[in-house]
Every structure is written in structure tokens, then in C-alpha cells.
Amino acid sequence: KLLINEVNADNPGGREDAEYIELFYTGQTRFNLQGYWLVLYNGKNSRAYRVLDLSGHHTDNLGYFLVGSSSMSPAPMIRLPPNTIQNGADAVALYHSSTALYAEGMAVTARGLLDAVVYSSRVPEKAEQLLRVLLPGQSILYENDSHSTQDESLSRCHSLITKLQSSFQVTMVTPLGENFCSSSMVPGGPVIRISELCLASGAAHIRFVELEGKPGTSLGGLSLVFFSGKEGKAQASIPLQGTVGATGLLVFVLDGEHGHDGTNLTFKNISAPSEGSSTIALYSTNGIPVGRKAMPENLVDALVYTCEPGIAGGHLGFLGPAYTVPCKGDRPMSLSRCGNASTGLQFALSEPSPGVRNSCPQHAFATDLHLCFLTPNCSMWTLHHRRMLESLGRVLVNSLEEECSCSVSDLYLQELNLTCVGSLVKVWGQVWAQQPEQEQSIKTWLQGFLANPHPFSVDGRVLKTSPECVAPKNVPLVSHNGASFQGWEIALFVMGSLLLLLLLVGLAFYFIKRHPQNYTNIEMNNCRQMAADF
């Protein structure tokens, strides 16, 4: 995923010509920033004072991207005038949207928000509204100028969890380089993170949590905590011990008899609640008292889950997105870390795979989606594109799961997008599968979905499937935020160009034939022939 990695808003002296914001792509490779936006907010009025569209740019080959003063070194990819980034209390926010939702002067918004840092270089400064919208329940960061006599920055050092203030600490500046942290947790990522959570519902099945990390890493000082209930309070907290084995995976049986190297954890009611959400979290502390609410401090990794489709994390929302799991059923089910940089989703429903590589949806088993729906009007689809797209995705996933019971989730939908013109909603994308059998079930569902024109609801808007554009030829080749040319339009343009070229060649040949010969040629012609012609 893409996240804010370092913020240097205040330089020593008055020149302020070495300010910068550094982004980092955790895949640590060149990454396309199409659809990403960087917005700078003023803490006094909670409005945007600078908006940067990152489309058309890429990170470098190590995953870094730098926005900064034009005279600084190394050279930033996007150059700003000196003293552009305000000292605070202010905020830097990273968004993703395929439409231009952000503009200078707009009020602070969480719509499309991926990551944010709210900071100040002076202790008394506050930015309550920015914190309330961008980072609810958290405190402002202080870029303490007494940390060093040299320039310093706020650097991500404690986790790769987005929208988490405690991930940062004050360090020396490291633009386009690895952060100079007192901890070795970042930028390569947390030393230990949650890899899989098995939510078996039957008595015969074993629940487990799987952690992953570098072989030989000690678990000392880490705790596994289970939060649940309407207020998101800790139900159980167990300090960990031992080290990660040679495979890099460590499996803990929850309330079982046979754990990894004899390590068993007793967690009651680990299954998804009928109301609200639950979380399994990893903290860099020796324990959190039962009954205490979840806090962002010392958080290493977390997985929030629920069985209510479309519900947010509630009191646990700041720990990450809430993943939907089946509420009922006797078959064992896991949430496995699979990752998706463009959507921010990290976990997918899968078959349990303790101690081995996670079973994830793959591009090799992809099914193309080409759908059309009839709607009374396009106003909501155009104005609230992202929200409607997310709602439509949930409807498609629920329909698929009801039909095939093949344990699919939002991560199975890839590159989903839509346009709406007149009363026609066009949708395209792909559905990935884990294996060929699941791929065939998805194809069977799609055939039945297209053949059945019954109405259904998306975010309160009634839709009806339409056969008008189910063929791939009508699917836009480019998403709606750019020029959208369809296949038949391109073919028509090519054919028209060829016909125009042939016409021009024909006209040129005609005029050459009809053009009279010049005077020199007439003088050299046979006089009798000229008379005969005359």
C-alpha cells in the first residue's frame, strides 16, 4: 500500500527551503500514482491550502516519492516554492479517488482518505477538527526542535498501519532513503504481523491465529489482544514468547490442545459477533488489561472483522478496515493476508492454511465482468462515484456468495469501475479466484446473473440488469477519469482514416492525369500529332 512515510514541515532558520513530504509504497518497487491526491490542511480553519494531483507520476524503484521545496537535495518529483508546507498545527492527508473531489479551500474530509498526519512544531498549537475528521481519538504529533541541532522530521518508525499517529517519531531527515529510526520495525514493515485468522464455527474445527516474520525474530515484548463488544474493549490479552521458526510462520491455536511448540492461547468467543465488530491485535507491550478500550499507542498490527456487510469498524475503526466474514456455517473459514495496494484491502476469505503459504485469489483464475444496469438517472452515480462503486461491489460479492457459497470477499473484485450515461450504468472489472474450481463457480454465477433481469438495490437505488452492453466490445478501455474510448469507436476511427487516405491518393492521381503538359514538352512533341490532336 501507499502511505505517508516522512514529513519535514519546519526547517531551522527562516529560509524554509528544505521542507518535504515523502510517500512510500510498501511493495518497494516503481508504483503508478494514478488517482492519488496529496492535500495539505490549515489547522486554524480546517481547510485545504494546497492540493496536489499525483496522477502521471510514479514512485522510484525503491517505492519512494518526494514532494518538496524546489531547491532541496535530492530533487523532489514535485517541486514546491520555499515555505509552502506550513509549520502547524496542520495536516498532510493522502487520498485516492478517480474523480477530482479535492480542491483548495475545501473543508477537511475523510472521503477517499488513505493516510494522514496531523502535526505541530509548537506545543500549544491544536487542530481538533482535523483530528476529529482524519484521525479520530488520536493526539497531535509534535516535531520537537530540541531533538537535534540539525534539521529533523516526523518519520514512520513503528508500523505500516495507516492513519496511526503512533507510527511516527522525530528523527534526522532522510529524504528518498530509509528512515533513521531507533527501532528496526520500518520501512521494511513490522518485524511481526498477523498473517491469518481462522474463524472456525464448528466444535470439531480448530481456531488459530498465524503470525509471520523474519526467522529467528523474538516475540518477547509482544502481546496478542482480542477486542470485542460495542465499546471495543479487551476481552483477552496474552503476552507472547519464543522466536519465529525457519519457515517465517508461527501458528497459535486458540482454545485448543495442540499448538505450535506447545503454545496455546485461550481466547473465548473469537468468532465474528452478530452485532458490531471484533479485532485481533498485536501490541509491542507485555499486556493490556482486560476491559480497556483499544488504543493506537504501541500497536504493531491489527485485523478487524464483522459478519455485518458494509459495517464500519465502529469503536475499532481506527485500527483498520472491517472485513466481512460469514455469520453462520459449519465449515472452517480464514481471513488470510493477501494484500492489494490500490484498494488498501489486505485480507481475503480463504480456506485455512496453517503453517503454509496463504491461499489467495490469483490473476491466473480471473473472470471478466462486463455488466449493464438500468437506473432512473445518473446523478447519484456521478456525484458519489466512489461510494456507489463500493456499494455495488458489496452487492455483487453478496450475490456471488449466495449463489456459489465459495467464500469470496471484496478482495476478489479487481479493477472494478463504472460509468453512467443517461439511464445506463456500465460496469467492468474482474473477479479473481483461488483455484480452477472456484473460477468455474464464478463463471456459472455470472451467466445466471446476466440471464436474470430481476431488480435489485444498490445504496437505496433500484437497478435492473440490461443486455444492452454485456458484450466486451462496449466496455470502456480507460476509466472514467480520462478520455473513454470504446472498441467500436477506435475501429471506426481507423477505418475512417484509411478511407480518407485512399480518397486523397485518388484525388492526387486524378489531378496529375488532368494537369496540362508544360511548354517545353509541347515544343518537343511531333507537329503532326499536335495538329491531329487539335
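Residues numbered from 1 in each chain as written. Predicted model: local features only at pLDDT ≥ 70, side-chain atom pairs only at ≥ 80, totals over all residues. Heavy atoms only, no water.

Right, let's talk about the overall build of the protein chain for a bit. When you go through the protein chain residue by residue, the secondary structure sums to seven helices and 27 strands. For the protein chain, with 534 residues in total, the buried portion stands at 48%. Restricting the contact set of the protein chain to residue pairs at least 6 apart, pairs at least 24 apart contribute 64%. On the protein chain, roughly 25,900 Å² of surface is accessible, and the fraction owed to carbon and sulfur atoms is 55%. (Helix = DSSP H or I, 4+ residues; strand = E, 2+ residues; numbered from the N terminus. Buried < 20%, exposed > 50% of the residue type's maximum accessible area, 1.4 Å probe, protein only. Contact = heavy atoms within 4.5 Å. Areas by Shrake-Rupley, 256 points an atom, 1.4 Å probe, with all protein chains shown as cover.)

This paragraph deals with a nonpolar patch on the surface. A cluster of nonpolar side chains, contributed by L500, L503, L504, L507, Y510 and F511, occupies part of the molecular surface with about 640 Å² of accessible area. Summarising the element assignment, L500 is placed in helix α5 (residues 487-514). (Patch = residues over 30% accessible without salt bridge, like charges linked within 9 Å, V, L, I, M, F, W, Y side chains within 5 Å. Salt bridge = Lys/Arg side-chain N within 4 Å of Asp/Glu carboxyl O.)

Judged by pairing direction, the sheet is antiparallel, and its five strands sit side by side in the order β24-β25-β23-β27-β26 without closing on themselves. On the outer flanks of this sheet lie β24 (413-421) and β26 (456-458), each paired with one strand and no other. Averaged over all pairs of adjacent strands, the angle between strand axes in this sheet comes to 35 degrees, irrespective of strand direction. Two elements, β26 and strand β27 (residues 461-465), share three bridges in a ladder whose sense is antiparallel. (Pairing = 2+ DSSP bridges. Axes fitted to C-alpha atoms, helices over the stretch in contact; angles between N-to-C directions.)

Another aspect to go through is the packing of aromatic side chains. What describes a pair of aromatic rings is the distance from one ring centre to the other and the angle between the planes of the rings. For the structure on display, the rule yields nine aromatic pairs. Ring centres of W37 and Y102 lie 5.7 Å apart, and the angle between their planes is 65 degrees; this geometry places the pair in the edge-to-face category. Here Y102 lies in the loop between β7 (88-96) and β8 (113-120) and W37 lies in strand β3 (residues 36-42), a separation of 65 residues in the sequence. By the burial criterion, W37 is buried, and Y102 matches it. Between the aromatic rings of W445 and F449, the centroid separation amounts to 5.4 Å while the plane-to-plane angle is 40 degrees, which identifies the pairing as tilted. Remark: F449 and W445 occur in helix α4 (residues 436-451); sequence separation between them is four residues, near one turn of the helix. (Phe/Tyr/Trp six-rings, centres within 6.5 Å; stacked < 30°, edge-to-face > 60°.)

Bear in mind that shape data such as this cannot, by itself, settle questions of function.
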